[in-house]
Amino acid sequence: MIPGLPTLVSNISFVFSRGDSYLGRMVSDIAEIMANCRRCVVLTGAGMSAESGVPTFRGKDGLWRKFRAEELATMEAFLDNSKIVWEWYNWRRDLMSKVQPNSGHHAIRELETLCDNFVLITQNVDNLHRVAGTQSILELHGNIHHNKCVDCNKPCESSLSIDPDNIPTCEHCGGKIRPDVVWFGEMLDPVVINQAFQESEQADIFFSVGTSAIIYPAASLPPLAKRSGATLVEVNVEETPISFLADFQVREKSGEFLPRLVAALKGKTEPG
Ligand SMILES: [Zn+2]
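Residues numbered from 1 in each chain as written. Predicted model: local features only at pLDDT ≥ 70, side-chain atom pairs only at ≥ 80, totals over all residues.

Asks: Can you lay out the overall build of the chain for me, pointing to particular residues and giving the numbers?
Replies: Of regular secondary structure, the chain possesses 10 helices and 11 strands. Relative to its full complement of 272 residues, the chain shows a buried share of 40%. If you take every contact in the chain between residues at least 6 apart in sequence, the share linking residues at least 24 apart comes to 65%. (Helix = DSSP H or I, 4+ residues; strand = E, 2+ residues; numbered from the N terminus. Buried ≥ 20, exposed ≤ 12 C-beta atoms within 10 Å, placed from the backbone. Contact = placed C-beta atoms within 7 Å.)

Asks: Quick rundown of the pairing of strand β9 (residues 205–209)? Include the residues and the values.
Replies: Taking burial as the measure, the 5 residues of β9 include 5 buried ones, the bulk of the element. Side chains Ile205, Phe207 and Val209 of β9 all project onto a buried face; the interleaved residues Phe206 and Ser208 project onto the opposite face, where all are buried too. Sheet analysis places strand β3 (residues 39–44) next to β9, joined by 5 bridges and oriented parallel. Paired with Thr44 across the two strands is Val209, which belongs to β9. With 5 bridges joining them, β9 and strand β10 (residues 231–235) adopt parallel strand pairing. Within the sheet, the bridge partner assigned to Val209 lies in β10 and is Val235. Taken together, β9, helix α9 (residues 221–227) and β10 constitute a β-α-β crossover, and its handedness is right-handed. (Pairing = 2+ DSSP bridges. Right-handed = clockwise from strand over helix to strand, strands pointing away.)

Asks: Please provide a residue-by-residue account of the environment of Ile108, values included.
Replies: Among the structural elements, Ile108 can be located in helix α6 (residues 103–114). Taking the C-beta count within 10 Å as the criterion, Ile108 has 28 such neighbours and is therefore assigned buried. As a C-alpha pair, Ile108 and His129 span 21 residues in sequence and 8.2 Å in three-dimensional space. Excluding its chain neighbours within four sequence positions, the residues that come into contact with Ile108 are Val42, Leu120, His129, Ala132, Thr134 and Leu258.

By themselves these figures say nothing about function.
Here it is, written out as structure tokens:
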């Protein structure tokens with residue numbers, strides 16, 4: 001392959017790699033398409049969080065004491081030993097509260113202000129999109145800073161740090177408070193995932209950002225958007241199983257690409 005030239009993947013899909021001079025043209029091509037879009041949907045995954053330095057809590061790097069995430073992030077673990085599960089979540093919340101949104105998170109917030117209809121769908125639980133100020137968010141896997149009742153599922157207002165020896169209870173039913181995240185073996189909230197499907201179906205342009213596109217049902221959203229007529233833009237440093245579907249494959253960090261796109265869009269919408 002000749003360096004700097006886009007790789008022709010299909011008759012409509014181009015791969016742009018880091019540092020190549022086509023990136024600027026692609027940014028303006030996407031901005032041009034967005035000028036005629038009414039509905040913009042962005043899906044984000046772990047790659048975005050990684051750019052902010054959020055720890056993964058999976059694999060051997062994610063070990064806490066002697067436990068793996070898969071042993072603690074389950075209903076069985078909570079029913080068995082809610083104290084140790086809360087100790088783990090307190091530790092994770094503390095770590096995550098020290099992490100800041102990156103330029104990609106801020107660019108997504110700006111995209112929201114520039115689009116008529118904008119929805120962010122995220123698989124990340126780290127709350128960074130909210131910290132960046134994005135308003136319209138569907139959190140597929142919940143939010144690690146939020147709490148809910150283990151029995152009736154109602155959201156519970158309570159402090160971020162839970163006393164593991166004295167876990168607060170639900171004001172509606174008396175059930176124990178748990179973190180409002182989707183645990184291993186649990187279904188996603190049907191209201192949230194159905195809305196995500198609906199938004200994806202109606203999108204004019206769909207960005208799949210920093211997601212490996214292997215975790216379902218989130219991985220089915222970009223193909224759904226594409227089938228429904230959206231322009232599909234993938235922003236990910238590595239190829240994924242949905243790359244071949246993308247109209248634009250951006251092999252860049254979101255924190256580098258998205259601010260450029262926002263700047264191009266502003267150039268179109270601001271006078272002078
Ligand atoms: Zn309850």
